[in-house]
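# A look at the structure
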Amino acid sequence: MEINAQSIAFLVFSILILGGALGVVTSRNLVHGAIWLIVSFFGVAGFFVLLSAPFLAAVQILVYIGAIAILIIFAVMLTRSMTRLTEIYNHQWTLSLVVAALFFILLVAGVILPVWGPGTANAGQQPSELVATTTDLGIALVDGNQFVLPFEVASLLLTAAMIGAIVIARDRD
């Protein structure tokens with residue numbers, strides 16, 4: 001492996017993603033956890049830039065950082081009582097560690113081994129045949145036979161979460 005600007009950028013973005021994820025799960029303050037989530041989302045946007053997908057990087061920044069993370073912060077701020085946690089330690093961290101290790105093994109077996117392992121399925125294809133275009137992504141998101149239903153369900157879920165946070169905040173006053 002040669003060390004060049006892309007390798008260094010990959011390392012920096014990986015540290016941002018992993019550090020942000022670690023900050024999310026270890027932070028006791030919900031607002032700080034949301035800020036660590038924004039850091040992690042920024043690292044994912046950097047990965048999209050490294051993959052020569054600037055449109056997806058812009059969508060990552062606008063939709064996830066600009067909308068979802070800010071929605072989470074507003075929901076947390078509207079429910080002020082959730083920020084006053086009295087319990088200091090979570091007793092389920094060992095179970096969480098086991099589940100995270102199992103997910104890591106699943107990712108290694110399902111993603112890394114087929115790509116870099118012996119007898120890869122995509123060995124005979126050209127790299128241009130493996131990459132979908134932005135047009136294909138747009139069609140997949142709005143086509144009735146593909147991902148339009150999960151896309152709309154996610155938007156309804158976010159709307160319901162925001163309305164629920166407002167209702168809870170109004171009941172507290």
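A few points on the structure. Since this is a predicted model, take the numbers as computed values, not measurements.

A word on the overall build of the protein. Along the backbone of the protein there are 7 helices and 0 strands. Counting all 173 residues of the protein, 17% fall into the buried class. Contacts in the protein between residues at least 24 apart in sequence constitute 55% of all its contacts with a sequence separation of at least 6. For the protein, the accessible surface area stands at approximately 13,300 Å², while carbon and sulfur atoms represent 73% of it.

The next point concerns the environment of Ile 168. With respect to the element layout, Ile 168 can be found in helix H7 (residues 148–172). Since its relative accessible area comes to 40%, Ile 168 is described here as partly exposed. The sequence separation of Ile 168 and Leu 78 amounts to 90 residues, and the corresponding C-alpha distance is 7.9 Å.

Attention shifts here to helix H2 (residues 30–50). Spanning 21 residues, H2 covers 31 Å between terminal C-alpha atoms, matching the ideal 30 Å at 1.5 Å per step. Among the residues of H2, those classed as buried are Gly 33, Ala 34, Ser 40, Phe 41, Gly 43, Ala 45 and Gly 46. The positive-phi residue at the C-terminal boundary of H2 is Ser 52, with phi of around 60°.

Across the interface, helix H1 (residues 5–26) lies against H2 with an axial gap of 7 Å and an inter-helix angle of 155°. Here H2 runs roughly antiparallel to H1, going by the angle between their axes. Pair H1 / H2 crosses with left-handed handedness. Where H1 abuts H2, its residues Gln 6, Ala 9, Phe 10, Phe 13, Ser 14, Leu 16, Ile 17, Gly 19, Gly 20, Ala 21, Gly 23 and Val 24 lie against Gly 33, Trp 36, Leu 37, Val 39, Ser 40, Phe 42, Gly 43, Val 44, Gly 46, Phe 47 and Leu 50. In terms of residue class, the contact of H1 with H2 is built from 14 nonpolar, 9 polar and no charged.

One can find Ser 40 in helix H2. On the basis of relative accessible area, Ser 40 is assigned to the buried category, the value being 10%. Sequence-distant contacts of Ser 40, defined by excluding residues within four places in its chain, comprise Leu 16, Ile 17, Gly 20 and Ala 21.

Criteria and thresholds
- Residues numbered from 1 in each chain as written.
- Predicted model: local features only at pLDDT ≥ 70, side-chain atom pairs only at ≥ 80, totals over all residues.
- Heavy atoms only, no water.
- Helix = DSSP H or I, 4+ residues; strand = E, 2+ residues; numbered from the N terminus.
- Buried < 20%, exposed > 50% of the residue type's maximum accessible area, 1.4 Å probe, protein only.
- Contact = heavy atoms within 4.5 Å.
- Areas by Shrake-Rupley, 256 points an atom, 1.4 Å probe, with all protein chains shown as cover.
- Expected span 1.5 Å × (residues − 1).
- Axes fitted to C-alpha atoms, helices over the stretch in contact; angles between N-to-C directions.
- Parallel < 35°, antiparallel > 145°, perpendicular 65-115°, else oblique.
- Left-handed = near helix turned anticlockwise from the far one by under 90°.
- Nonpolar A, V, L, I, M, F, W, Y, C, P; charged D, E, K, R; others polar.

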